[in-house]
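A closer look at the structure
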Amino acid sequence: QVYVVESGGGLVQAGGSLRISCTASGRTFYAMGWFRQARGKEREFVAAITQSGSGTGYADAVKGRFTISRGNGNTVFLQMNNLKPEDTAVYYCAARSGGTNLYTRIDEYGYWGQGTQVTVSP
């Protein structure tokens, strides 16, 4: 069983910054990604990082404002700058065992965290 745990969400004013973190258990290195789901909307891709950390990808809506990075082992961070009210959502971390590519689709990930709420006030 692989456990994925997010932390670091909260309330921030528009234009502010927030960093959320995620750790996946296990000894295998995973490709990892962040997705978000706003109330009443479908879950959408935000950012992804390859197993090695050498490749990253972003949704157009966050490109230039968000940065995904890897820490030790299977810890990943999502640095969010210049936040906008439309970034308000539950942010989910996902992990995938196997594969060296960048994965951006929900069905490409097998392990998910419970999510962390990010709220951006106007």
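Report on the accompanying structure. (Residues numbered from 1 in each chain as written. Predicted model: local features only at pLDDT ≥ 70, side-chain atom pairs only at ≥ 80, totals over all residues. Heavy atoms only, no water.)

Topic: the side chain of Glu-108
With respect to the secondary-structure elements, Glu-108 resides in the loop between β9 (89-97) and β10 (111-112). There is a polar contact of 3.0 Å between the side chain of Glu-108 and the backbone nitrogen of Thr-104. Look past the residues within four positions of Glu-108 in its chain and what remains in contact with it is Arg-96 and Tyr-103. (Helix = DSSP H or I, 4+ residues; strand = E, 2+ residues; numbered from the N terminus. Polar contact = N/O pair within 3.5 Å; in protein donor to acceptor, adjacent residues only side chain to side chain. Contact = heavy atoms within 4.5 Å.)

A word on the pattern of salt bridges
Scanning the entire structure with this criterion turns up six salt bridges. Among the ionic pairs, Asp-87 bridges to Arg-36, the shortest N-O distance being 2.9 Å. Of this pair, Asp-87 sits in the loop between β8 (75-80) and β9 while Arg-36 sits in strand β4 (residues 30-37), and the two are 51 residues apart along the sequence. Ionic pairing is found between Arg-105 and Glu-108, a salt bridge with its closest N-O pair at 3.5 Å. A relative accessible area of 46% means that Arg-105 is categorised as partly exposed. For Glu-108, a relative accessible area of 17% corresponds to the buried category. Through salt bridges with shared partners, one network takes in Arg-36, Glu-44, Arg-65 and Asp-87. (Salt bridge = Lys/Arg side-chain N within 4 Å of Asp/Glu carboxyl O. Buried < 20%, exposed > 50% of the residue type's maximum accessible area, 1.4 Å probe, protein only.)

Focus on the state of the cysteines
Scanning the entire structure with this criterion turns up one disulfide. Bridging Cys-22 to Cys-93, the disulfide has an S-S length of 2.0 Å. The S-S bond linking Cys-22 to Cys-93 shows a torsion near -80 degrees; that makes this disulfide left-handed. Taken as a pair, Cys-22 in strand β3 (residues 18-24) and Cys-93 in strand β9 lie far apart in primary sequence, 71 residues in all. (Disulfide = S-S within 2.5 Å.)

Let's talk about the nonpolar core
Within the largest apolar cluster, 34 residues are counted, with the highest numbers of intra-cluster contacts made by Met-32, Trp-34, Val-46, Phe-66, Leu-78, Met-80 and Tyr-91. Counting only elements with at least two residues in this core, the list comes to β3, β4, β5 (44-49), β7 (66-70), β8, β9 and β11 (116-121). (Core = buried A, V, L, I, M, F, W, Y, C linked by side-chain atoms within 4.5 Å.)

Examining the environment of Met-80
Within the secondary structure, Met-80 sits in strand β8. Taking the C-alpha atoms as reference, Met-80 lies 8.4 Å from Gly-16; in sequence the two are 64 residues apart. Residues within four places of Met-80 in sequence aside, it is in contact with Gly-16, Ser-17, Leu-18, Ile-20, Arg-65, Phe-66, Tyr-91 and Val-118.

Digging into the side chain of Thr-50
As for its placement among the helices and strands, Thr-50 is situated in the loop between β5 and β6 (56-58). Residue class for Thr-50 comes out buried when judged on its relative accessible area of 7%. Excluding residues that lie within four positions of it along the chain, Thr-50 makes contacts with Ala-31, Gly-55, Arg-70, Thr-100, Asn-101 and Leu-102.

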